[in-house]
Amino acid sequence: MKVYNSEISDIFNKVADLLEINGSNQFRIRAYREAAGLVTNQSRQIQDMIEDDEDLTKLPGIGDDLAAKMKEIVETGELKQLKELEKKLPIELTQLLDIEGLGPKRVAKLYQQLDIQSMSDLKQSLEKGEIKDLEGFGEKTQKNIKQALKEYHERGQERTYLKVAEEQVQPLIQYLKEIPQVKEVEAAGSYRRKKETIGDIDILATSSDKELVIKKFTKYDQIDKIVSQGETKSTVKLRTGMQVDLRVVDPNSYGAALLYFTGSKHHNIELRNLAIKNNWKVNEYGVFDKKDKQIAGQTEEGIYDLFDAQYIPPELREARGEIDAARQNQLPKLITLKDLKGDLQMHTTDSDGRYSLEKMVEAAKEMEHQYIAITDHSAYMGITQGLDEKGVEEQIEKIKKLNEKMDSFQILSGIEVDVMEDGSLDLADETLSKLDIVLCSVHTKFNLPRKEQTARVIKAISHPAVNILSHPTTRIINEREPIDIDLEKIFQTAKEKQVAIEINAHPSRLDINDRQAKEAKNRGVKIAISTDAHRAEELHNLQYGIYQARRGWLEPVDVIIA
DNA sequence: GCCGTTTTCGGCCCGACTGTTTTCAGTCG
């Protein structure tokens, strides 16, 4: 039986939720949550680590108890402790915690006094209007819970693509910049860390007249609702449903506040713990010594400097070893968009692209690319009207003629060939051998069992003609789960066969992801970053692939850049 | 439940805003 890391972290989170509703020791609860987060962020499967007899207590925050519990989950698929807790408290209570404004204390009270166990119980009680009479609750709180429950059902759980968030952040930043009293303004949070999806937007501004800035912020014309408004902080909901938090601080706290609101939370905690060892205190206003004197805080650089660390780019601030690396002067020199000289995957009207070969070439030249690969689909995928052997040869000729007219720019003849169910490729070997570059990818049979799916992909990339494995997991963010494959084995084969692994730069794919990219790098696998553009405008998506690569610690040397 | 140049107990990151209170608990990030 396969037990995934996500199942282990789900169980730990449920234990933490129930313990919290039960009023247990908060630090014990935190230990479970930390463990859940650690397991989620682990690039290796815990099950594999246990099978390899690795010592799980070497992981930070994991002691004998939690290590034994992970082992129990891997071996039995469940955790006795959770079963015991469920006898005392209904498990549905944990869902109530997802409603904004409902934390463990209130959920416990609703359960104890009104026997509210589920969303539907809550809805009924709200309709009866009996919640306002509980001690510590009131008219306003009841109304807020009612609204939050409604929004919970409307919004679902989806996070927004980075690109979609950018479209909302940029004009808002511009609006804030135009307020004369605003000195600096920057979007922080997961947006600044360039995470593939964004939950809400955190904006930081500095000003000597904070209240005025908050006031003007709440007048932004895209705001649907003001959730909260204080002297230095306000939360609003935009018409799009996106939540935006603005925090205004004094200019001399800019660096500390930017650091704080950029996160990640775990990165901050690591820094704070480091500060404690030096008898310092870190908060959003600065770093303070024992006498409460500010010793850093104006700039992020100054703060990292105080910790004897290199400046850590936001993309790396995920508590994945970046602080240690920065203190040993060993941070990677992250790849930038400028390092990339071309694009290795795009489509034209010869398959499912919307633009002609000539148009795509024109657009790529305008972007100052030095080369591109034209990689239309192979014929197998009926809906994409892909190329068969004859079609490929015709396109090769067409590209050859076009290349003759170019000075320094180069067009590579390529293909995105389908991987069949048995791992064979959708074009004859002879045809594939005539191409400059061959990408292979899975577009069908997403549900094969792990062993078969892995064998299928390994067979495909073992084909001597293949250069790149495109969108390896086939996931589409918020839409399609990744296929079940053993990426470690695939990376191993990729290295042996000198096949590159793609970071597909499409904002909804970003496949492989940041952690997987880091793992690939560690295993010595080359990465290709390409847009998979189906229209000329999409060539600009390369930036999102670069963000993901940076989050995966990639340097120019790890990537096919020219 | 974890952890240790304060090592086997006693700590564990820190502050803003709201609503219900009348000094603060609860929630959020």
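Just above sits the structure.
Residues numbered from 1 in each chain as written. Chains lettered and ligands numbered in written order. Predicted model: local features only at pLDDT ≥ 70, side-chain atom pairs only at ≥ 80, totals over all residues. Heavy atoms only, no water.

## Thoughts on the side chain of Glu151
Next up, step 1: With respect to the element layout, Glu151 can be found in helix 9 (residues 139-155).
Next up, step 2: Those residues in contact with Glu151, other than ones at most four positions away along the chain, are Lys225 and Lys237. (Helix = DSSP H or I, 4+ residues; strand = E, 2+ residues; numbered from the N terminus. Contact = heavy atoms within 4.5 Å.)

## What to know about the pattern of salt bridges
Next up, step 1: Summed over all chains, the structure comprises 37 salt bridges.
Next up, step 2: The shortest N-O distance in the salt bridge between Lys434 and Glu430 comes to 3.8 Å. (Salt bridge = Lys/Arg side-chain N within 4 Å of Asp/Glu carboxyl O.)

## Side note on the sheet that holds strand 15 (residues 468-469)
Picture the strands of a sheet paired through backbone hydrogen bonds; they go either parallel or antiparallel.
Next up, step 1: Strand order in the open sheet formed by seven strands is 11-12-13-14-15-16-17, with parallel pairing between adjacent strands. Looking at the sheet topology across the chains shown, the edges are occupied by strand 11 (342-343) and strand 17 (527-530).
Next up, step 2: Pairing analysis gives five bridges linking strand 13 (residues 410-418) to strand 14 (residues 437-441), with the strands arranged parallel. Directly across from Val417, in strand 14, lies its bridge partner Cys440.
Next up, step 3: Of the strands in this sheet, strand 12 (371-377) and strand 13 are in contact with helix 18 (residues 389-404), which crosses strand 13 at around 165°. (Pairing = 2+ DSSP bridges. Axes fitted to C-alpha atoms, helices over the stretch in contact; angles between N-to-C directions.)

## What to know about the nonpolar core
For soluble globular proteins, the rule of thumb is that nonpolar side chains tend to be buried together.
Next up, step 1: Ranked by internal contacts, the top residues of the largest apolar core, which has 50 residues, are Phe12, Ile46 and Leu122.
Next up, step 2: With eight residues, the top contributor of residues to this core is helix 1 (residues 5-21).
Next up, step 3: Leave out the neighbours within four places in its chain, and Phe12 touches Tyr32, Ala35, Ala36, Leu66, Lys69, Met70, Ile73 and Leu79.
Next up, step 4: By size, the runner-up hydrophobic cluster in this structure holds 41 residues, among which are Val392, Val438, Leu542 and Ile546. (Core = buried A, V, L, I, M, F, W, Y, C linked by side-chain atoms within 4.5 Å. Buried < 20%, exposed > 50% of the residue type's maximum accessible area, 1.4 Å probe, protein only.)

## With respect to unusual backbone geometry
Next up, step 1: The step from Gly263 to Ser264 runs through a cis peptide bond, and the omega angle for that step is -5°.
Next up, step 2: Tracing the chain through its elements places Ser264 in the loop between helix 13 (254-262) and helix 14 (265-277).

## Describing the protein's contact with DNA strand B
Next up, step 1: Inspection of the region around DNA strand B gives 47 residues, with Arg30, Gly101, Tyr260, Arg272 and Tyr285 positioned closest.
Next up, step 2: Counting only atoms of DNA strand B within 4 Å of the protein, the sugar-phosphate share comes to 78%.
Next up, step 3: In the environment of DNA strand B, a phosphate oxygen lies 2.9 Å from a nitrogen or oxygen atom belonging to the backbone of Gly61.
Next up, step 4: Sorting the residues of the surface near DNA strand B by element identifies helix 2 (26-41), helix 4 (64-76), helix 7 (104-114), helix 9, strand 5 (223-229), strand 7 (243-249), helix 14 and strand 8 (281-283) as the ones contributing at least two each. (Near = heavy atom within 4 Å. Polar contact = N/O pair within 3.5 Å; in protein donor to acceptor, adjacent residues only side chain to side chain.)

## Remarks on the packing of helix 1 against helix 2
Next up, step 1: The N-to-C vectors of helix 1 and helix 2 enclose an angle of 165°; their axes lie 8 Å apart at closest approach. With respect to each other, helix 1 and helix 2 are oriented roughly antiparallel. Crossing geometry of helix 1 relative to helix 2 is assigned as left-handed. The residues of helix 2 that touch helix 1, namely those facing Asn5, Ile8, Ser9, Phe12, Asn13, Val15, Ala16, Asp17, Leu19 and Glu20, are Arg28, Ile29, Tyr32, Arg33, Ala35, Ala36, Val39 and Thr40.
Next up, step 2: Looking at side-chain class alone, the contact of helix 1 with helix 2 contains 10 nonpolar, four polar and four charged residues. (Parallel < 35°, antiparallel > 145°, perpendicular 65-115°, else oblique. Left-handed = near helix turned anticlockwise from the far one by under 90°. Nonpolar A, V, L, I, M, F, W, Y, C, P; charged D, E, K, R; others polar.)

## Looking at the pairing of strand 14
Successive side chains on a regular strand alternate, one facing one side of the sheet and the next facing the other.
Next up, step 1: Most of strand 14 sits inside the fold, with five of its five residues counted as buried.
Next up, step 2: Burial of strand 14 is two-sided: the residues Ile437, Leu439 and Ser441 facing one way and the residues Val438 and Cys440 facing the other way are all buried.
Next up, step 3: As paired elements, strand 14 and strand 15 share two bridges and run parallel to each other. Of the residues in strand 15, the one forming a bridge with Leu439 is Ile468.
Next up, step 4: Assessed by its sense of winding, the connection that carries the chain from strand 14 through helix 20 (residues 450-462) to strand 15 is right-handed. (Right-handed = clockwise from strand over helix to strand, strands pointing away.)

## A look at the pairing of strand 6 (residues 233-238)
Next up, step 1: For strand 6, a buried count of five out of six residues is recorded, marking the element as mostly surrounded by other parts of the structure.
Next up, step 2: Here five bridges tie strand 5 to strand 6, and the two strands are oriented antiparallel to one another. Opposite Lys225, over in strand 6, you have Lys237 as the bridge partner.
Next up, step 3: Two successive antiparallel strands, strand 5 and strand 6, enclose a turn made up of three residues.
Next up, step 4: Across five bridges, strand 6 lies against strand 7 in antiparallel orientation. Note on strand 7: the bridge partner recorded for Lys237 is Gln243.

## Let's talk about the packing of aromatic side chains
Next up, step 1: In the structure shown here, the tally under the stated rule is six aromatic pairs.
Next up, step 2: Measuring from centroid to centroid gives 5.9 Å for Tyr304 and Tyr311, while their planes differ by 90°, and the two rings are edge-to-face.
Next up, step 3: A residue is classified by how much of its surface remains accessible, and Tyr304, at 1% relative accessible area, is buried.
Next up, step 4: Arg106 extends its terminal NZ or CZ atom over the ring of Phe137, reaching a point 5.8 Å from the ring centre.
Next up, step 5: Over the face of the ring belonging to Trp553 we find Lys518, whose NZ or CZ atom lies 4.1 Å from the ring centre. (Phe/Tyr/Trp six-rings, centres within 6.5 Å; stacked < 30°, edge-to-face > 60°. Lys NZ or Arg CZ within 6 Å of the ring centre and 35° of its normal.)

## Points about helix 23 (residues 542-551)
Next up, step 1: Burial analysis of helix 23 places nine of its 10 residues in the buried class, the great majority of the element.
Next up, step 2: Within the span of helix 23, buried status applies to Leu542, Tyr544, Gly545, Ile546, Tyr547, Gln548, Ala549, Arg550 and Arg551.
Next up, step 3: Where helix 23 is buried, its residues meet helix 10 (162-177), strand 11, strand 16 (500-504), helix 22 (514-522) and strand 17.
Next up, step 4: Downstream of helix 23 by one or two residues, Trp553 has phi in the positive range, about 70°.

## Side note on the packing of helix 1 against helix 5 (residues 80-88)
Next up, step 1: Interhelical geometry of helix 1 versus helix 5 gives an angle of 35° and a closest axis separation of 10 Å. Here helix 1 runs over helix 5; the crossing is left-handed. Contact with helix 1, carried on its side by Ile11, Lys14, Val15, Leu18 and Leu19, involves Gln81, Leu82, Leu85 and Glu86 of helix 5 and no other residues of that element.
Next up, step 2: Looking at the contact of helix 1 with helix 5 residue by residue, the class counts come to six nonpolar, one polar and two charged.

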